[in-house]
Each structure stands twice: as C-alpha cells, then as structure tokens.
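Here is how the chains run, residue by residue.
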Amino acid sequence: NAGVTQTPKFQVLKTGQSMTLQCAQDMNHEYMSWYRQDPGMGLRLIHYSVGAGITDQGEVPNGYNVSRSTTEDFPLRLLSAAPSQTSVYFCASSLLLERMNTEAFFGQGTRLTVV
Amino acid sequence: AQSVTQLGSHVSVSEGALVLLRCNYSSSVPPYLFWYVQYPNQGLQLLLKYTSAATLVKGINGFEAEFKKSETSFHLTKPSAHMSDAAEYFCAVSAYNNAGNMLTFGGGTRLMVKP
C-alpha cells in the first residue's frame, strides 16, 4: 500500500536550472495538489487538479507548472529555479469533498535547495 | 475565502501536562476542519477532522478538538502530554467549491515536551 510517493527526497539546483518533482498515488483519488512548506507560513497551495486533464492555480503558482495526464501522476515542474523556491514540497491526494471521507494523504516531501 | 490562524508558533509543556493548541478559522461557507501532525522529516498525518457530525471530535493518540461556531475556533487538546507528542501541528480548513477540497493551512505550532 504505497499511498502517495514523491521523488526525489532531496535535490540541490543551481539558479536557472529546471527540474521536475514527481508525485504518484495509487488510491484512485480525483484530487491532487502541491504545497510548499516554509517556516512560520504553514503549507501554501501551489497548483491543484480535480481530475485528469484539469489543473488550476493555487495561492503561489508563479514559477511552477503542472500537468495531469493520468489519475495517478501529478508532476510539478520548476521552469527556472530561483533561491526563493528553496523549500520543502509536499504532494497530497484525496477524494473530492462531496464524499465524506475527505482525508488528504501526503507524500514524504521533497527538500529542494536552490543555490 | 478562508483562512486559519494558529496562536503560538511554539508551545512547550511538561510531560503529563495538558496540551492546548489554538486554532481560529474564517470561512464564507460551513467549514470542514482538520488537524494534521508532522513528525521530523516526515509528511503530514491526519489527527482528526470535523465534518459537522459532532462538535467534539476524537482523534488518534488521545487528541481531541471541539468545534465552536460562535468563537470560530477548533482548538486541539490532549489531557496528558507524552514525549512522543513532540511534533509540529497544523490546523486546516476546507470548504467545498467547484475546485474541490482546497485545504488552507495555518502557520503551524511546534509542540515541545519537557521531561
């Protein structure tokens, strides 16, 4: 029972480099999302998706792209990394809210440092 | 729009003492409320959730929270702290809209337990 799997766990990038953070879930959840966690600011929503082919922006989308070609996968792309993107990134998935079991399941996180 | 405020970014208690972590929310629609716990270098794990079935909600590890609509609060309590409770705790609010179940997190409270 894998749940939500994120790769890599750690990454160091140089300013201007691009990379993709991978996220996969095996629970057939419609809703997937990406958050970044910074000290004292909790988790802030970057992008989310309510199903394959449907994505939308969250609170802090600038500098990030997403796509959802399958129900299982929701990769996050950093187009041109900046030091301000140094953070811990979490992927989460859940059933849609109209169903009562709305617990969000989180991956283990990706710790990204941009130098 | 919805928001969450957690009073106190750090709380320190002695082992065996009462734990009280405060959370106030704002929401334009009836909210769903959650408490998550994050142990060091791990993802977030659901402690408990309020989905309007009962105002006093019991969660895992002896934690509970009470929804008070008049105070727009959802404070987390535990009668007797254990060393293993040391972690960061996040309150979150979710309100259904056509974007599904977008979670908005508070800034987090780091709980320290002294022997």
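How each quantity is defined
Residues numbered from 1 in each chain as written. Chains lettered and ligands numbered in written order. Predicted model: local features only at pLDDT ≥ 70, side-chain atom pairs only at ≥ 80, totals over all residues. Heavy atoms only, no water. Salt bridge = Lys/Arg side-chain N within 4 Å of Asp/Glu carboxyl O. Helix = DSSP H or I, 4+ residues; strand = E, 2+ residues; numbered from the N terminus. Buried < 20%, exposed > 50% of the residue type's maximum accessible area, 1.4 Å probe, protein only. Pairing = 2+ DSSP bridges.

### Observations concerning the pattern of salt bridges
Next, step 1: Taken as a whole and judged by the stated rule, the model has 5 salt bridges over all chains.
Next, step 2: Residue A:Asp38 is joined to A:Arg44 by a salt bridge in which the shortest nitrogen-to-oxygen separation is 2.8 Å.
Next, step 3: B:Glu88 is the partner of B:Arg110 in a salt bridge, and the nearest nitrogen-oxygen pair spans 3.0 Å. Here B:Glu88 lies in strand E9 (residues 87-94) and B:Arg110 lies in strand E11 (residues 109-114), a separation of 22 residues in the sequence.
Next, step 4: Here B:Glu88 falls in the buried class, since its relative accessible area comes to 12%.

### Regarding the pairing of strand E9 (residues 87-94) of chain A
All names here are of chain A.
Next, step 1: Within E9, 8 of the 8 residues are buried, which leaves the element mostly enclosed by the surrounding structure.
Next, step 2: Note that strand E4 (residues 31-37) and E9 share 7 bridges and pair antiparallel. In the strand pairing of E9, Tyr35 is matched with Phe90.
Next, step 3: Examined bridge by bridge, E9 and strand E11 (residues 110-114) share 3 bridges and lie antiparallel to one another. Residue pairing in the sheet places Tyr89 in a bridge with Thr110 of E11.
Next, step 4: Looking at chain direction, E9 and strand E10 (residues 105-106) are connected through 2 bridges and run antiparallel. Opposite Ser93, over in E10, you have Phe105 as the bridge partner.

### Side note on unusual backbone geometry
Next, step 1: Going from A:Thr7 to A:Pro8, the amide bond is cis rather than trans, its omega being -5 degrees.
Next, step 2: Relative to the assigned elements, A:Pro8 resides in the loop between strand E1 (4-7) and strand E2 (10-13).
Next, step 3: Here A:Asn28, not a glycine, exhibits a phi torsion of approximately 60 degrees, which is positive.
Next, step 4: Tracing the chain through its elements places A:Asn28 in the loop between strand E3 (19-25) and E4.
Next, step 5: A positive phi angle is found at B:Asn61, which is not glycine, with a value near 60 degrees.
Next, step 6: In this fold, B:Asn61 is placed in the loop between strand E6 (56-58) and strand E7 (64-68).

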